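Topology and contacts: notes
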Amino acid sequence: MKQILLISGPNLNLLGEREPEIYGESTLDDYVQRAESAAAEHGYELIHRQYNDEGSIVEEIQLARSTYSGVIINPGALTHYGWSIHDALAAFEGPVIELHLSNPNAREPWRHTSVVAPVATGSIIGLGGYGYELAVHAMADALK
Ligand code: DQA
């Protein structure tokens, strides 16, 4: 079965406890389950990895080059300054979907820049947990 990689960046392991007024009360596992179900609808297996450090995310994206059909990534705060993630994604040949629960453009100015957006096929932002399903549907479409 073909596989899609979902990467979660720093602090997303705290979802459910962390700033629920912004990120909701669901846990990361809840969001991952929504993505897994959507992937199964399209005949894909979704593999999820969460890291709190940039280097591990870069290594995972490098590994993805030979393993996964596409990458969905919520890089957390690294979205805004993680240039090594930008470069690693630029070297990945398949589709890349950038995903955020909140809408960073409607928040503090430092969140308005995404270094991932320029190397993403598309971005899904501000739609909460529903975005995890949408990202998988968009990925399946991009892989057709
Ligand atoms: C986030 C938005 C980022 O600005 C923030 O640092 C996060 C979560 C989101 O999903 O809304 O950790 O990526």
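Residues numbered from 1 in each chain as written. Predicted model: local features only at pLDDT ≥ 70, side-chain atom pairs only at ≥ 80, totals over all residues. Heavy atoms only, no water.

Moving on, we come to the nonpolar core. Counting 23 residues, the largest nonpolar core has Leu-6, Leu-15, Leu-46, Ile-72, Leu-99, Tyr-132 and Val-136 as its most contacted members. Those elements giving two or more residues to this core turn out to be strand 1 (3-8), helix 2 (28-41), strand 4 (96-100) and helix 5 (130-142). Broken down by element, this core gets its largest block of residues, 6 residues, from helix 2. Aside from chain neighbours lying at most four places away, what touches Leu-46 is Ile-4, Leu-6, Val-32, Ala-35, Glu-36, Ala-39 and Val-136. Core analysis: the second largest hydrophobic core is formed by 20 residues, Ala-64, Ile-85, Leu-89 and Phe-92 among them. (Core = buried A, V, L, I, M, F, W, Y, C linked by side-chain atoms within 4.5 Å. Buried < 20%, exposed > 50% of the residue type's maximum accessible area, 1.4 Å probe, protein only. Helix = DSSP H or I, 4+ residues; strand = E, 2+ residues; numbered from the N terminus. Contact = heavy atoms within 4.5 Å.)

Surveying the vicinity of the ligand reveals the residues Arg-18, Tyr-23, Asn-74, Gly-76, Ala-77, His-80, His-100, Leu-101, Ser-102 and Arg-111. Within the side chain of Arg-18, an N or O atom sits 3.0 Å from an oxygen atom of the ligand. In the complex, 99% of the free accessible area of the ligand, which totals 320 Å², lies under the protein chains. Considered class by class, the residues forming the shell around the ligand number 3 nonpolar, 5 polar and 2 charged. (Near = heavy atom within 4 Å. Polar contact = N/O pair within 3.5 Å; in protein donor to acceptor, adjacent residues only side chain to side chain. Areas by Shrake-Rupley, 256 points an atom, 1.4 Å probe, with all protein chains shown as cover. Nonpolar A, V, L, I, M, F, W, Y, C, P; charged D, E, K, R; others polar.)

Together, Asp-29, Asp-30, Glu-36 and Glu-45 make up a negatively charged patch on the protein surface. If you tally residues by element for the negative patch, the top one is helix 2, at 3 residues. (Patch = residues over 30% accessible without salt bridge, like charges linked within 9 Å, V, L, I, M, F, W, Y side chains within 5 Å. Salt bridge = Lys/Arg side-chain N within 4 Å of Asp/Glu carboxyl O. Lys, Arg positive; Asp, Glu negative; His and termini not counted. Charge placed at Lys NZ, Arg CZ, Asp CG, Glu CD.)

As for its placement among the helices and strands, Thr-79 is situated in the loop between strand 3 (70-74) and helix 4 (83-90). The class for Thr-79 is buried, based on a relative accessible area of 1%. Setting aside residues up to four positions removed in sequence, Thr-79 forms contacts with Glu-98, His-100, Thr-113, Ser-114, Val-115 and Val-116.

We now examine the sheet that holds strand 3. Read from one edge to the other, the open sheet built from 5 strands follows the order 2-1-3-4-5, with strand pairing classed as parallel. Because the sheet does not close on itself, it has two edges, and the strands there are strand 2 (45-50) and strand 5 (122-125). Sheet twist, expressed as the mean angle between neighbouring strand axes with direction ignored, is 20 degrees. Across 4 bridges, strand 4 lies against strand 5 in parallel orientation. Bridged to Ile-97 within strand 5 is Gly-122. (Pairing = 2+ DSSP bridges. Axes fitted to C-alpha atoms, helices over the stretch in contact; angles between N-to-C directions.)

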